[in-house]
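# Summary of the model geometry
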Amino acid sequence: MQSNTDSSGTSGTYSQTVGLLYVFNLIVGTGALALPKAFQSAGWLLSISLLTFSAFMSYVAATFVIEALSVANAVLSKKRRVEYDDVVVADGPSTFEIAKKVEVSEMASMFLSKVSLVFSYFAIIIYLFGDLAIYSTTVPKSVMNIVCSTINASIVKSSDPCHESWPEILTRMTVYRFFVIVFVVVVCLPMVIAGITKTRHIQIMTTLSRWAAFILMISLATMQLSSQGAAAHPPAYNFHGFGSLFGCAVYAFMCHHSIPSLITPMRTKENVFGKIAVVYGIVGVFYFTLSLTGAFAFEHVQDIYTLNFLHDDNTSLVYSIIDYFLALFPIITLTSSYPIIALTLINNFKVVKDILCPKTGQENESLLEADNQIEDNDTDDEREARNGNPARNEKTIFDVLVPTLVLALPTFLSLLTDDMLLLASITGSFPGVAVQFAIPCLLVTAARKHARSVLNFPVPRKNNSPFQSPFWIMLISSWAGFSMIMVLLNLVGVKF
């Protein structure tokens, strides 16, 4: 796999400011749409506290990925010197400069044991299954609420008719399930078969629509609070809502798998740890503003927050356009991302198959390269690397069963439930914890050991994570373990 950037040129590079903007765009995704509901359920004080601490833990894990990335560059630098110079040159601080993109999966192959490597791949696979289930729930539910009666003014049940004048058999759940089938079979399946990926034009459209949607939601909720006062009064804390809040918090701060693709092309990495901390702080303020205004402005916050803006009584054409734009926002963004996630998942299964049943001469593909394309920094090189491996063109039973499983299992989950908050909570709380916390901790521990024992040179201070003490790894592990236990207790109905 080729990188956009190498040590000899500046092709595909960008300024540090642009890179940090990419990081911001990567973090602030559709997972934020579940936060207002989680805030209202868990209470404002507990929500602020947990989201702050979870964001800090996520930041610590992100610095671990960057440090491991610098060690991976040193490994590749030493390998190139041995191959081309036929001599071993003493390692030094300059070899740790981040000049070549090394994906998380490649770092796992460099530093981790086979058991840890397989664990990492399976964690990503389960996480991506959850992603697809969330996508195939959010889009059909948004379409159903556009077609059916709006829900902002009252609580409706899934068994209620879509419209009063429609036959009773056409309940909201029936219509939702119909759109699940249409979305997966009619819309996404052809794109997956054709291997369609996002173009630069779609990237620009989704980025602009994302910014417009979040700004509109914050502005409209703030205006409603100013003119009508608080419609709801969430408690300070409700520990029964801990599970959904934690899962959504992990899901909302997920960016670690794409860090190598965002950090490497930066022309300067000066003080990158501090500046990423600033980005995390800005994202946190953004999430607090979105979630708190929503939690207090609406009596009943929907699990897909954009649905709260489908008013029962539209007062003007402008409001109608805004309301339907917000309802269409997740449909536009997630439909374009679904086939890429599905193709990534298919490739991941093939990689795991190659690890467990290795075949001579086959290369280990990047686990997450296609997943990185979902965000605003995907490139033609990455698409070519993912789709252009001729060794994988031979069709076998495995090649038929895996795509079927990849599409069928998330679709089945979406047919069972339309609760996007539940799916986001489970995805964030279990496989999300592995991706965001466990894998970075495994990587940085193994990378530091590799630097000392194999490279015979410690990681330079400028490339070091600010969190060098083993205490931080133990803290992240303890936090992740405690939170998963709390989520599990919440899911089985234990009251606090």
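I will try to describe carefully the structure that is included in this document. (Residues numbered from 1 in each chain as written. Predicted model: local features only at pLDDT ≥ 70, side-chain atom pairs only at ≥ 80, totals over all residues. Heavy atoms only, no water.)

## Looking at the state of the cysteines
Selection rule: Disulfides are defined as cysteine sulfur pairs within 2.5 Å. A run of H or I in DSSP counts as a helix once it spans at least four residues, and a run of E counts as a strand once it spans at least two, with each numbered from the N terminus. Burial status follows relative accessibility: with a 1.4 Å probe on protein chains alone, a residue under 20% of its type maximum counts as buried, one over 50% as exposed, and anything between as partly exposed.
The final tally for this structure, using the stated rule, is 1 disulfide. One disulfide in the model links Cys 148 with Cys 162; its S-S distance is 1.9 Å. The disulfide joining Cys 148 to Cys 162 has a torsion of about -105° about its S-S bond and is therefore left-handed. Taken together, the residues span a long stretch of sequence, with Cys 148 in the loop between α5 (114–147) and α6 (172–194) and Cys 162 in the loop between α5 and α6 at a distance of 14 residues. Each member of the pair, Cys 148 as well as Cys 162, carries the same accessibility label: buried.

## What about the nonpolar core?
As a reminder, the rule being used: To qualify as a nonpolar core, a set must consist of buried Ala, Val, Leu, Ile, Met, Phe, Trp, Tyr and Cys residues joined through side-chain atoms within 4.5 Å. Whether two residues touch is decided by their heavy atoms; if any such pair falls within 4.5 Å, the residues are in contact.
In terms of nonpolar packing, the biggest core is built from 143 residues, with Met 107, Phe 214, Phe 246, Tyr 287, Tyr 338 and Phe 437 touching the most fellow members. For this core, the element with the highest residue contribution is helix α3 (residues 44–85), accounting for 19 residues. Apart from the residues lying within four places of it in its own chain, the contact partners of Phe 214 are Val 28, Gly 29, Ala 32, Leu 33, Phe 286, Leu 290 and Phe 329.

## Observations concerning the environment of Leu 45
Looking at the element boundaries, Leu 45 is found in helix α3. Judged by its relative accessible area of 39%, Leu 45 is partly exposed. Each C-alpha atom, one on Leu 45 and one on Pro 235, is 8.0 Å from the other, the two residues being 190 residues apart in sequence.

## Let's talk about the packing of aromatic side chains
Rules: Any Phe, Tyr or Trp ring, taking Trp's six-membered ring, that has another such ring centre within 6.5 Å forms a pair; planes under 30 degrees apart are called stacked, those over 60 apart edge-to-face, and the others tilted.
Taken as a whole, this structure holds 28 aromatic pairs when the rule is applied. Taking 5.2 Å as the distance between ring centres and 25° as the angle between the ring planes, the aromatic pair formed by Phe 24 and Trp 211 counts as stacked. Pair noted here: Phe 24 is in helix α1 (residues 16–27) and Trp 211 is in helix α7 (residues 200–228), with a separation of 187 residues, a long-range link. For Phe 24, a relative accessible area of 9% gives the class buried. Note on Trp 211: relative accessible area 33%, which makes it partly exposed. Considering the side-chain rings of Tyr 237 and Phe 239, the 5.7 Å spacing of their centres and the 50° angle between planes classify their relative orientation as tilted. The class of Tyr 237 is exposed, set by a relative accessible area of 54%.

Scope: geometric values only; no functional claims are made or implied.
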